[in-house]
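Structure assessment
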Amino acid sequence: MSKRVALEASHAVAEAVKMSDVDVISAYPITPQTHIPERLAEMVANGELQANYIPVESEHSALSACLGSVAVGARSFTTTASQGLELMHEVVYCGASMRFPMVMVVCNRSLSAPISVWGDHSDVMSCRDTGWIQVFCENSQEAFDLTVWGYRVAEDLKVMIPVMVNLDGFTLSHVTEPMFLPEQSEVDKFLPVFNYPYALNPDKPMTHGGLGQPDIYTEAKVAQEIALRKSKSVIIQGWKEFGDIFGRHYSPVEQYRAEDAKTLLLTMGSYSETAKVMIDERRARGESVGLISLRLWRPFPYEEFRKAVSGAETLIVFDRSISFGMGGPVFSEAKSALYSEASRPKVVGIIGGLGGRDMAVKDFEYVLDRGKEIAEQGSDRMIEVVGVRGEMIKA
Amino acid sequence: MVDKKLKSAYDFTWKNMEVGNIVTEPGNASARRTGDWRSDRPILDKNECIKCGFCWLYCPDAAVKQIDDGYFEIDMYYCKGCGICASVCPKKAITMVEEVEE
């Protein structure tokens with residue numbers, strides 16, 4: 001029987017790591033992720049969690065230590081944010097390419113410069129191409145659920161791909177919310193013991209991370225890409241079984257009052273909940289608006305996304321980062337996912353919430369109204385950004 | 001002796017590769033024809049050879065073998081043509097000649 005508790009999202013993640021019976025934790029503290037490794041270190045120190053906590057000198061080492069521990073068959077966890085994820089970057093690729101199943105929680109934060117410890121999605125967007133399964137959370141409950149679920153999916157023998165769980169820095173990581181904490185027995189029922197078939201063992205030597213010459217590299221990369229795309233069925237099955245046990249249901253593209261909506265707003269992460277308040281207000285006034293949020297970011301849920309927007313006239317994509325020289329990355333991907341469709345909504349991109357800039361309900365009202373305006377009349381602005389000071393120049 | 005019939009890279013497709021490209025058979029590098037990188041080929045003159053074994057000792061890839069009569073032979077399946085054997089031979093019995101396509 002689950003018990004209802006109030007937990008900060010960071011502590012909810014720590015509880016999930018504990019209940020997933022993780023063997024190795026290696027993390028380097030960085031704002032706004034600090035409360036996760038802090039709580040885990042406490043759990044290991046006071047004997048609540050039987051695991052090895054490896055203190056490391058950097059994020060590069062934190063993830064490297066985890067990959068080493070997965071290689072011997074230990075369930076492993078790390079967590080980081082922002083510059084830490086950037087310092088980790090080359091190892092992030094290695095984890096996915098070497099198919100090491102593990103979970104990393106990223107408390108999404110902006111990137112320097114200027115130095116900003118506050119939230120946006122710049123850090124995770126720089127990891128779009130790394131080959132990890134990537135999901136987004138909206139609240140403490142989801143942070144807990146997706147961490148436990150992450151191990152289940154990553155370790156599935158048909159998958160063997162690490163999972164990155166994204167939660168917004170501060171606006172989620174530091175927020176205390178009511179949530180249901182399940183019984184250990186329920187988690188054990190959902191998450192079997194980690195049995196890594198390629199564990200390093202002196203009795204049966206093998207090589208991880210060998211050289212791939214031009215005669216084999218192409219095949220290796222195609223195998224990796226196909227494995228990531230095919231992981232979607234296990235991802236969905238994992239959510240189904242999670243729902244059967246815990247009663248909470250997740251899907252690659254979450255929909256909120258979206259079924260019959262003429263105008264759809266697309267968001268990712270915790271700001272979706274603020275946007276939903278705006279949607280409710282507009283619905284009360286009789287407007288045909290709804291919201292979809294991408295729970296699953298990689299592999300990109302093409303099929304589910306196309307289906308979710310198929311009835312809409314306008315899709316307004318809200319981005320929390322800039323792909324410099326191009327604009328909003330989610331906007332660009334959403335638009336390209338619809339290009340080959342015979343009938344598709346007009347797709348508009350608006351950027352906001354950079355470096356911790358608040359997005360209140362009224363700001364999402366602006367996103368919706370401006371988005372509809374652009375869909376009808378077009379825009380001659382170089383870039384559409386919520387609340388930016390200074391008159392915008394033409395493209 | 002090495003089984004030279006083990007799989008070459010070209011026997012692999014994206015479908016039959018090990019997860020994460022893990023090498024599950026230890027020591028299988030011996031099945032790889034590393035000799036095809038060679039641009040210079042060592043030629044050993046038996047008339048000059050004194051069987052000192054320097055070439056065998058110095059070869060970084062263990063491509064030099066001693067045969068029954070005590071002389072040495074270079075295995076072109078592995079020899080990368082580095083020229084160390086020619087360089088260390090005290091009798092200058094090994095010369096490096098350019099590989100040409102036949």
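Residues numbered from 1 in each chain as written. Chains lettered and ligands numbered in written order. Predicted model: local features only at pLDDT ≥ 70, side-chain atom pairs only at ≥ 80, totals over all residues. Heavy atoms only, no water.

Description of the interface of chain B and chain A
- If you look at the interface, chain B gives 16 residues, while chain A gives 19 residues.
- When chain B packs against chain A, the two sides together hide about 1600 Å² of surface, and 64% of this comes from carbon and sulfur.
- The three residues of chain B that bury the most area against chain A are Trp14, Val19 and Ile22 of chain B, which together make up 36% of that side's buried surface.
- Counting across the chain B and chain A interface gives 0 salt bridges.
- Linking chain B with chain A are 2 residue pairs in polar contact (both at pLDDT 80 or more), by the criterion used here. (Contact = heavy atoms within 4.5 Å. Buried area = accessible area lost by both parts, 1.4 Å probe. Salt bridge = Lys/Arg side-chain N within 4 Å of Asp/Glu carboxyl O. Polar contact = N/O pair within 3.5 Å; in protein donor to acceptor, adjacent residues only side chain to side chain.)

Re the environment of lysine 335 of chain A
- Topologically, lysine 335 of chain A is positioned in helix 11 (residues 329–338).
- C-alpha separation for the pair lysine 335 of chain A and glycine 353 of chain A, spaced 18 residues apart in sequence, amounts to 21 Å. (Helix = DSSP H or I, 4+ residues; strand = E, 2+ residues; numbered from the N terminus.)

Topic: a nonpolar patch on the surface
All names here are of chain B.
- Residues Phe54, Trp56, Leu57, Tyr58 and Ile84 make up a contiguous nonpolar surface patch of roughly 520 Å² in combined accessible area.
- Residue contributions to the nonpolar patch peak at 4 residues, all from helix 1 (residues 54–58).
- Take tryptophan 56: it is sitting in helix 1. (Patch = residues over 30% accessible without salt bridge, like charges linked within 9 Å, V, L, I, M, F, W, Y side chains within 5 Å. Areas by Shrake-Rupley, 256 points an atom, 1.4 Å probe, with all protein chains shown as cover.)

Let's talk about the packing of aromatic side chains
- Within the structure shown, the criterion is met by 15 aromatic pairs over all chains.
- A ring pair is formed by phenylalanine 300 of chain A and tyrosine 302 of chain A, whose centres lie 4.9 Å apart and whose planes are at 55 degrees; its orientation type is tilted.
- Using a relative accessible area of 8% as the deciding quantity, one classes phenylalanine 300 of chain A as buried.
- When the centroid spacing of 5.1 Å and the interplanar angle of 85 degrees are considered together, the rings of tyrosine 77 of chain B and tyrosine 78 of chain B count as edge-to-face. Residues tyrosine 77 of chain B and tyrosine 78 of chain B agree in their burial class; the two are buried.
- Linked through ring pairs, Trp149, Phe190, Trp239, Phe242, Phe246 and Tyr250 of chain A together constitute an aromatic cluster.
- A cation sits over an aromatic face here: arginine 298 of chain A above tryptophan 297 of chain A, 4.8 Å from the ring centre.
- We note lysine 51 of chain B situated over the ring of tyrosine 71 of chain B; from NZ or CZ to the ring centre the distance is 4.6 Å. (Phe/Tyr/Trp six-rings, centres within 6.5 Å; stacked < 30°, edge-to-face > 60°. Buried < 20%, exposed > 50% of the residue type's maximum accessible area, 1.4 Å probe, protein only. Lys NZ or Arg CZ within 6 Å of the ring centre and 35° of its normal.)

Things to note about unusual backbone geometry
Residue and element names in this part refer to chain A.
- Omega for the peptide link from threonine 31 to proline 32 comes to 0 degrees, which places this bond in the cis form.
- Assignment of secondary structure puts proline 32 in the loop between strand 2 (24–27) and helix 2 (35–45).
- With an omega of -5 degrees, the peptide bond between serine 112 and alanine 113 qualifies as cis.
- Among the secondary structure elements, alanine 113 is positioned in the loop between strand 5 (103–108) and helix 5 (122–125).
- The backbone of arginine 99 sits at a positive phi, close to 55 degrees, despite the residue not being glycine.
- Structurally, the position occupied by arginine 99 is in the loop between helix 4 (82–97) and strand 5.

A few points about the domain arrangement of chain A
Residue and element names in this part refer to chain A.
- Looking at chain A, the domain boundaries give domain 1 (3–192 + 216–243) and domain 2 (253–377).
- Computed over C-alpha atoms, the centres of domain 1 and domain 2 are 26 Å apart.
- Note on domain 1 versus domain 2: buried area summed over both sides is about 2300 Å², and carbon and sulfur give 52% of it.
- It is Arg128, Glu138 and Lys232 that lose the most area in domain 1 upon contact with domain 2, and together they represent 31% of the buried surface on that side. (Domains from an automatic or database assignment.)

Regarding the pairing of strand 4 (residues 76–80) of chain A
All names here are of chain A.
- Of all 5 residues making up strand 4, 5 are buried, and the element is well covered by its neighbours.
- Where strand 2 meets strand 4, 2 bridges bridge the pair, whose relative direction is parallel. Across the sheet, the residue bridging to valine 24 is serine 76, located in strand 4.
- Note: strand 4 against strand 5, 4 bridges, orientation parallel. Across the sheet, residue threonine 78 finds its bridge partner in strand 5, namely methionine 104.
- With respect to chirality, the unit in which strand 4 leads through helix 4 into the neighbouring parallel strand 5 is right-handed. (Pairing = 2+ DSSP bridges. Right-handed = clockwise from strand over helix to strand, strands pointing away.)

Some thoughts on the nonpolar core
Residues and elements named next belong to chain A.
- Leu40, Phe77, Ile133 and Trp149 are the most contacted members of the largest nonpolar core, which totals 53 residues.
- The element best represented in this core is helix 6 (residues 140–154), accounting for 8 residues.
- Ala96, Val317, Phe331 and Ala337 belong to the second largest nonpolar core, which has 49 residues in total. (Core = buried A, V, L, I, M, F, W, Y, C linked by side-chain atoms within 4.5 Å.)

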